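Observations on chain architecture
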Amino acid sequence: MKAVVVDFDGTLYRGNSFEDCVKMTLKSCLKKWHIASALRISAWVALRKLRLVSHARMKYQLQPVLEKRYDKQAFLLHLRLHINQEIWEECLQYRALNYHLCLATAAPEFYIERLAENMNFDSFCATPRSKVPYNQWKENRGESKKEHCLQLLAQADASLELFITDHSDDLPLLKV
């Protein structure tokens, strides 16, 4: 079976979903008086803005609080409302031709999992939850994204036919 792999942020999704999740969750925490969570989110964002931590480190640290506090339904609706319809229509054309559709992204799996299911993707690969120590954890981008994606496709007995992206970070997968 042939497969189409589509990147999410900036490609299928018009924007940066992690940034949107952080903003929406922070607003919700403030509105619901979850002050400790709001402070934790604000502190990690500030550390990142000051370039004292990497984006990956901030993502690792924020995932547990975001997953606990984000509004699942509202955020899914937000994501669906900002889908690039032109790219999505192209994906649906390949689906009609019986291609395996795989969503591949550096965004966190805690919300990508829900979105991929909601949009009927055959598979997805995303940044894993922060369940292992940071030095053992890998953001799903670059070589890691390529390896994870190819492994998923092999399990589905599918071969990469087309990869849709707008990121130079995806060069390892584009070279396949």
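This report concerns the structure included in the present document. Here the structure is a predicted model, which means the values were calculated and not measured. Along each chain, residue indices are assigned from 1 in the same order as the chain's sequence is written. It should be noted that, the model being predicted, local features are given only for residues of pLDDT at least 70 and side-chain atom pairs only at 80 or more, the latter also being counted only at that level, while totals for whole chains, interfaces and linings use all residues. Side-chain measures were taken over the full set of non-hydrogen atoms in the model, leaving aside hydrogen atoms and water.

Think of it this way: a Phe, Tyr or Trp ring, Trp meaning its six-membered ring, pairs with another when their centres are within 6.5 Å, and the plane angle makes it stacked under 30 degrees, edge-to-face over 60, tilted otherwise. Summed over all chains, the structure comprises ten aromatic pairs. Ring centres 5.2 Å apart and planes at 65 degrees place the aromatic pair Tyr60 and Tyr134 in the edge-to-face group. Here Tyr60, found in helix α3 (residues 55-69), pairs with Tyr134, found in the loop between β3 (123-127) and α7 (143-155); they are 74 residues apart in sequence, far enough to count as distant. Aromatic side chains Tyr60 and Trp137 sit 5.2 Å apart centroid to centroid with 65 degrees between the ring planes, which places their arrangement in the edge-to-face category. The helix count covers DSSP runs of H or I at least four residues long, the strand count covers runs of E at least two residues long, and both are numbered beginning at the N terminus.

Here we take up the pattern of salt bridges. Think of a salt bridge as a Lys or Arg side-chain nitrogen and an Asp or Glu carboxyl oxygen that are within 4 Å of each other. Counted by the stated rule, this structure contains nine salt bridges. Ionic pairing is found between Lys145 and Asp7, a salt bridge with its closest N-O pair at 2.8 Å. Taken together, the residues span a long stretch of sequence, with Lys145 in helix α7 and Asp7 in strand β1 (residues 2-7) at a distance of 138 residues. Exposure class is identical for Lys145 and Asp7. Each is buried. Residues Arg129 and Glu67 are paired through a salt bridge, measuring 3.0 Å at the closest nitrogen-oxygen approach. With Arg129 in the loop between β3 and α7 and Glu67 in helix α3, the pair connects residues that are 62 residues apart, well separated along the chain. One connected set of salt bridges, linked through shared partners, spans Glu67, Glu109, Glu113 and Arg129. For every residue, the accessible area obtained with a 1.4 Å probe (protein chains only) is divided by the maximum for its type, and the residue is called buried under 20%, exposed over 50%, and partly exposed between those limits.

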